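Chains, contacts and geometry: an overview
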Protein chains: 2
Amino acid sequence: MTTTFQAPPGTRDFFPEQMALRRYIEDTWRQVSLRHGFLEVDGPTFEFLDLYKVKSGDEIVSQLFHFESRADKEGRADEFALRPEFTPTLARMIAAKANALPRPIKWFSIPRCYRAERPQKGRLREFIQWNVDMLGGETPEARRQFDLEVAALCLDCLREFGLGNNEVRLLWNDRQLVEELFKLAGVPAERYGFAFYLLDRVAKLNAEQRAALYVENGITDREREFFNQLAAGRHPLASGFWDALGPAGGQAVAEFQAYSQRVSACQQTVESTLGLMGFPGYAQYDASIVRGLAYYTGFVWEISDVRRENRALAGGGRYDRLIEMFGGPSLPATGFGMGDVVLANLLEECGKLPKDLARGPAPQVFIVNALSTPDAALNLLGSLRTAKIAAGTSYKTTKNIGKLLQEASASGAKWAVILAPAEWERGVVKLKNLATREEKEIPVGEVATAVRAVQ
Amino acid sequence: MTTTFQAPPGTRDFFPEQMALRRYIEDTWRQVSLRHGFLEVDGPTFEFLDLYKVKSGDEIVSQLFHFESRADKEGRADEFALRPEFTPTLARMIAAKANALPRPIKWFSIPRCYRAERPQKGRLREFIQWNVDMLGGETPEARRQFDLEVAALCLDCLREFGLGNNEVRLLWNDRQLVEELFKLAGVPAERYGFAFYLLDRVAKLNAEQRAALYVENGITDREREFFNQLAAGRHPLASGFWDALGPAGGQAVAEFQAYSQRVSACQQTVESTLGLMGFPGYAQYDASIVRGLAYYTGFVWEISDVRRENRALAGGGRYDRLIEMFGGPSLPATGFGMGDVVLANLLEECGKLPKDLARGPAPQVFIVNALSTPDAALNLLGSLRTAKIAAGTSYKTTKNIGKLLQEASASGAKWAVILAPAEWERGVVKLKNLATREEKEIPVGEVATAVRAVQ
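Throughout what follows, the structure given in this document is the object of discussion. As the structure is a prediction and not an experimental result, all values here were calculated from the model. (Residues numbered from 1 in each chain as written. Chains lettered and ligands numbered in written order. Predicted model: local features only at pLDDT ≥ 70, side-chain atom pairs only at ≥ 80, totals over all residues. Heavy atoms only, no water.)

**Let's talk about the overall build of chain A**
Summing up its helical and strand segments, chain A has 15 helices and 17 strands in all. Here the C-alpha radius of gyration of chain A, 29 Å, is well above what a compact globule of 455 residues would show, namely 23 Å. Across its three principal axes, chain A shows a C-alpha extent of roughly 100 × 60 × 50 Å. Looking at chain A residue by residue over its 455 residues, the buried ones come to 53%. If you take every contact in chain A between residues at least 6 apart in sequence, the share linking residues at least 24 apart comes to 66%. Accessible surface, chain A as shown: approximately 19500 Å² in total, 50% of it carbon and sulfur. (Helix = DSSP H or I, 4+ residues; strand = E, 2+ residues; numbered from the N terminus. Rg over C-alpha atoms; globule rule 2.2 N^0.38 Å. Buried < 20%, exposed > 50% of the residue type's maximum accessible area, 1.4 Å probe, protein only. Contact = heavy atoms within 4.5 Å. Areas by Shrake-Rupley, 256 points an atom, 1.4 Å probe, with all protein chains shown as cover.)

Quick look at the structure:
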């Protein structure tokens, strides 16, 4: 019973102060998405368990919270799982209606997602994730533009939060360039899938763990050297990177040159397009970025803080074959996700959280009632709120106008309406500007109109 | 595999059109709550399973989706359940911080909630519920005022949706009045708890089911007659109600008069206060309303459509002992919940849904690019969006200005900015009002400023 009255570990209680921060984050995500022409969607919080096996296989099950429906008369039950991410739901929804949806499809969502793992810093069991996806694009140029349109949305939103190119970078790569890199390093084509996995893992492991992983998977010396250099942050276009990998023959040199040219061309497009769209100085090519998920097929990227001290703030890329896996048509797609936990931590570290979140929105008008009954105050409160004016009053029983005005000021209201016996007998109330202390008399029935006029 | 690519039965996919309706409902709930001075809160989507047993006992478990955490090294796992309602979370949060929170506590929340039962019309497995609660109140008068303040918030919100007293009624009762009624009907005090349960059930059962329930629970003939009359909608203050219950002695008559007077006094307060607050003609005393949940202690109410054809739109009441049950201090409380499913059905039936939800928000500006490269358009798009102006453009490759202007109009944008070679050479673009067809030339660098000026 000791745990009954606590939130489960890895979940959060949102008291008004924490909720105000969550609303600020969600509202910013939403407003910027709409400004860029994306439409909001959502799906169920839980799906059939099998949906998550489509792209991740059976091993995903241990990472999910899963449960059964009540059994029917024949004793059969359905197996469900809390969504760990939004992409399978998105793919299912797109596949179901692909031909009825105008192209390109520009969708965003702000789902709560779940992980069954033990909570760690920046990784909770329940978190909120902004998802943005753009589907369609008939030419490679259109698809690259879509890649960068969603990345620009991400950067615009971060700038709205106060995080510019002094605080964050967009680290990018392209899985097709990575395959060329694997070829240069002598990785056989049938091991590319595994090499993507390895490249994503090695940078996160210490030397001992890495060595164990290499032994376990029969990695050659040449491959080890290659992965170790990338894990150490060395750039494959930098001089010296290939020296230790052994002498390159004539063909390897030609291949290296072709690779360098493709990297440069891609770099040129990414940097100049993002620059044109208002984000110069953000993009940084990083050969070690591949993103863990197997379904990425092209451009991949993540947002890192400039000091690279925190987890990635957002990550995404192109996934051109996923919609087909979910029973839909062949439909190129690109998108990203951003979680609320890492974002909130970085905003706090950088001193970018708005100062006035804690108190909640102030009323526009505070009613000070010094009459002997609450009736007139209740009536005025009702008429102001019905006129869509946020109005409050004291719940204390005092009739001391001075004390009530203190409470009015503390509430953050701009105006006080004072109901006092002397004026009330003449059918008027006082409207007081709480900042300037100016006041004027208003007929009782005209308070809402007067407040609208002075707003 | 046939079910893999469908949403689980009783859950919903929110495509842009359905999501726009959900946002409209949630935003209205939120705005009206804030206008009435309530602060938003939320909790985890799942809680320790035991939390739900506190007020509902073990029998609640079969109504919940529940699951386990991954086992720790000793093989121990935690049991969690998806929240069926928000009240236990609210009670837990209040109990944890009761002494640090300014009184009265005025909170609202808009959680997604879950039921393990098979889906039915108006009852899904996953739904969204607006919760409003007000805690505190040192006198009976203050507590009654709080009861009516939350009810007025509910009615104000319904009016905002277009549902006034031609469409809905607030049916109310008070559990203390109901206890007097039980006494008049000869129900022994130790059976009041069961009688509340029975009164809530009988109106929903047919004659046969009701008879079985009476037999099963050893209900006396006099009690049966009493419950049957209430279930038939007869009013206990109407003449004839008590005739069939057998001759009343002198004490019963006196008790009946006292009961009638208390009902009248209560009715007077409820109707006049709600009238003062702007809601005359809504409140209707209904002796059969008790609300099913055992934790209500006083005022109870629900919102019904005037024809009583649908499920209750909202329901709530006073629950003065609940916070203590969750380990907190003694703290009087009153509140209500409203689900999105019944509300949306009624709005549709009454023709009160906004007409323009389906399309989503239109851009303010649509860029028509007839230049040979996308660069200038991308640059303009970026600068408008960065200036917080919602901007869109065509993803088609045509340079036909007529066709592009058709697309601009179809997007719902008010303004088009036309990039055409002749003007571009002179450093200007055309800004066109898509409604009036008027257009004027603007220097390239001043588009955002010009759009702001004409908004």
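**Here we look at the packing of aromatic side chains**
Pairs of aromatic rings are described using the distance from one ring centre to the other and the angle between the two planes. The tally for this structure, following the rule as stated, stands at 61 aromatic pairs over all chains. With 5.6 Å between their ring centres and 80 degrees between their planes, Tyr-24 of chain B and Phe-161 of chain B make a pair best called edge-to-face. In this pair, Tyr-24 of chain B is assigned in helix α1 (residues 16–35) and Phe-161 of chain B in the loop between α4 (140–160) and β8 (168–174), connecting sequence segments 137 residues apart. What makes Phe-161 of chain B buried here is its relative accessible area of 2%. Ring geometry for Phe-279 of chain B versus Tyr-282 of chain B: centroids 5.6 Å apart, planes at 75 degrees, classification edge-to-face. The same class applies to Phe-279 of chain B as to Tyr-282 of chain B, namely buried. Members of the aromatic cluster, joined through ring pairs, are Phe-46, Phe-48, Phe-65, Phe-67, Phe-80 and Tyr-114 of chain A together with Phe-46, Phe-48, Phe-65, Phe-67, Phe-80 and Tyr-114 of chain B. The ring of Phe-14 of chain B carries Arg-22 of chain B above its face, with NZ or CZ at 4.6 Å from the centroid. (Phe/Tyr/Trp six-rings, centres within 6.5 Å; stacked < 30°, edge-to-face > 60°. Lys NZ or Arg CZ within 6 Å of the ring centre and 35° of its normal.)

**Digging into the interface of chain A and chain B**
Often, the extent of an interface is quoted as the loss of accessible area on bringing the components together. Counting from both sides, the interface comprises 85 residues of chain A and, opposite them, 84 residues of chain B. Counting across the interface, chain A meets chain B through 12 salt bridges. Asp-42 of chain A is paired through a salt bridge with Arg-22 of chain B; the nearest N and O atoms lie 2.9 Å apart. The interface formed by chain A and chain B holds 37 residue pairs in polar contact (both at pLDDT 80 or more) in total. Looking at the side of chain A that touches chain B, the element that brings in the most residues is helix α1 (residues 16–35) of chain A, giving 7 residues. (Salt bridge = Lys/Arg side-chain N within 4 Å of Asp/Glu carboxyl O. Polar contact = N/O pair within 3.5 Å; in protein donor to acceptor, adjacent residues only side chain to side chain.)

**Focus: the pattern of salt bridges**
Summed over all chains, the structure comprises 77 salt bridges over all chains. Residue Arg-426 of chain B pairs with Glu-441 of chain B through a salt bridge whose shortest N-O separation is 2.8 Å. Of this pair, Arg-426 of chain B sits in the loop between α14 (421–425) and β16 (428–433) while Glu-441 of chain B sits in strand β17 (residues 439–443); the two residues are 15 residues apart in sequence, bridging distant segments of the chain. Judged by relative accessible area, which is 53%, Arg-426 of chain B ranks as exposed. The network of salt bridges with common partners includes Arg-22, Arg-23, Glu-26, Arg-112 and Glu-126 of chain A together with Asp-27, Arg-30, Glu-40, Asp-42 and Arg-83 of chain B.

**Examining the relation of the copies chain A and chain B**
Under the fitted operation, chain A is carried onto chain B by 0.0 Å of movement along the axis and a turn of 180 degrees, and the coordinates agree to an RMSD of 0.1 Å. A rotation of that kind, with that shift, is consistent with a two-fold axis. Taking C-alpha positions as the reference, the residue of chain A nearest the rotation axis is Phe-67 of chain A, at 2.7 Å. (Least-squares fit on C-alpha atoms with pLDDT ≥ 70 in both.)

**Quick notes on the pairing of strand β13 (residues 365–369) of chain B**
Residue and element names in this part refer to chain B. Taken across its 5 residues, β13 has 5 buried, putting it largely inside the fold. Across the two faces of β13 the burial is the same, with Val-365, Ile-367 and Asn-369 and Phe-366 and Val-368 all buried. By the bridge criterion, 3 bridges tie β13 to strand β14 (residues 391–393) in an arrangement that is parallel. The partner of Val-365 across the bridge, within β14, is Ala-391. Read as a crossover between parallel neighbours, the route from β13 over helix α12 (residues 375–386) to β14 is right-handed. (Pairing = 2+ DSSP bridges. Right-handed = clockwise from strand over helix to strand, strands pointing away.)

**Structural notes on unusual backbone geometry**
Most peptide bonds take the trans configuration, and most residues that are not glycine carry a negative phi. For the peptide bond that leads from Arg-103 of chain A to Pro-104 of chain A, omega is -10 degrees, which places it in the cis range. You can see Pro-104 of chain A is positioned in the loop between α3 (87–97) and β5 (105–109). At Lys-388 of chain B, a residue that is not glycine, the phi angle is positive and equals roughly 65 degrees. Within the secondary structure layout, Lys-388 of chain B lies in the loop between α12 and β14.

**Remarks on the sheet that holds β14 of chain B**
Residues and elements named next belong to chain B. With mixed pairing, the 5 strands of this open sheet are ordered in space as β14-β13-β15-β16-β17. Because the sheet does not close on itself, it has two edges, and the strands there are β14 and β17. Strand-to-strand twist of the sheet, defined as the mean angle between neighbouring strand axes without regard to direction, takes the value 30 degrees. (Axes fitted to C-alpha atoms, helices over the stretch in contact; angles between N-to-C directions.)

**With respect to the packing of α1 of chain B against helix α11 (residues 340–349) of chain B**
All names here are of chain B. Where α1 contacts α11, the two axes come as close as 11 Å, and the packing angle between them is 105 degrees. Considered as vectors, α1 and α11 are oriented roughly perpendicular to each other. Counted together, Leu-21, Ile-25 and Trp-29 of α1 and Asp-340, Leu-343 and Ala-344 of α11 form the full contact between these two elements. When grouped by side-chain class, the residues that make up the contact of α1 with α11 number 5 nonpolar, no polar and 1 charged. (Parallel < 35°, antiparallel > 145°, perpendicular 65-115°, else oblique. Nonpolar A, V, L, I, M, F, W, Y, C, P; charged D, E, K, R; others polar.)

**What about the side chain of Glu-302 of chain A?**
Residue and element names in this part refer to chain A. Topologically, Glu-302 is positioned in strand β10 (residues 299–305). Within the local environment of Glu-302, its side chain forms a polar contact with the side chain of Arg-291, the two groups lying 2.9 Å apart. Beyond its immediate chain neighbours, meaning those up to four positions away, Glu-302 contacts Arg-169, Leu-170, Leu-171, Ile-289, Arg-291, Ala-312, Ala-314 and Gly-315.

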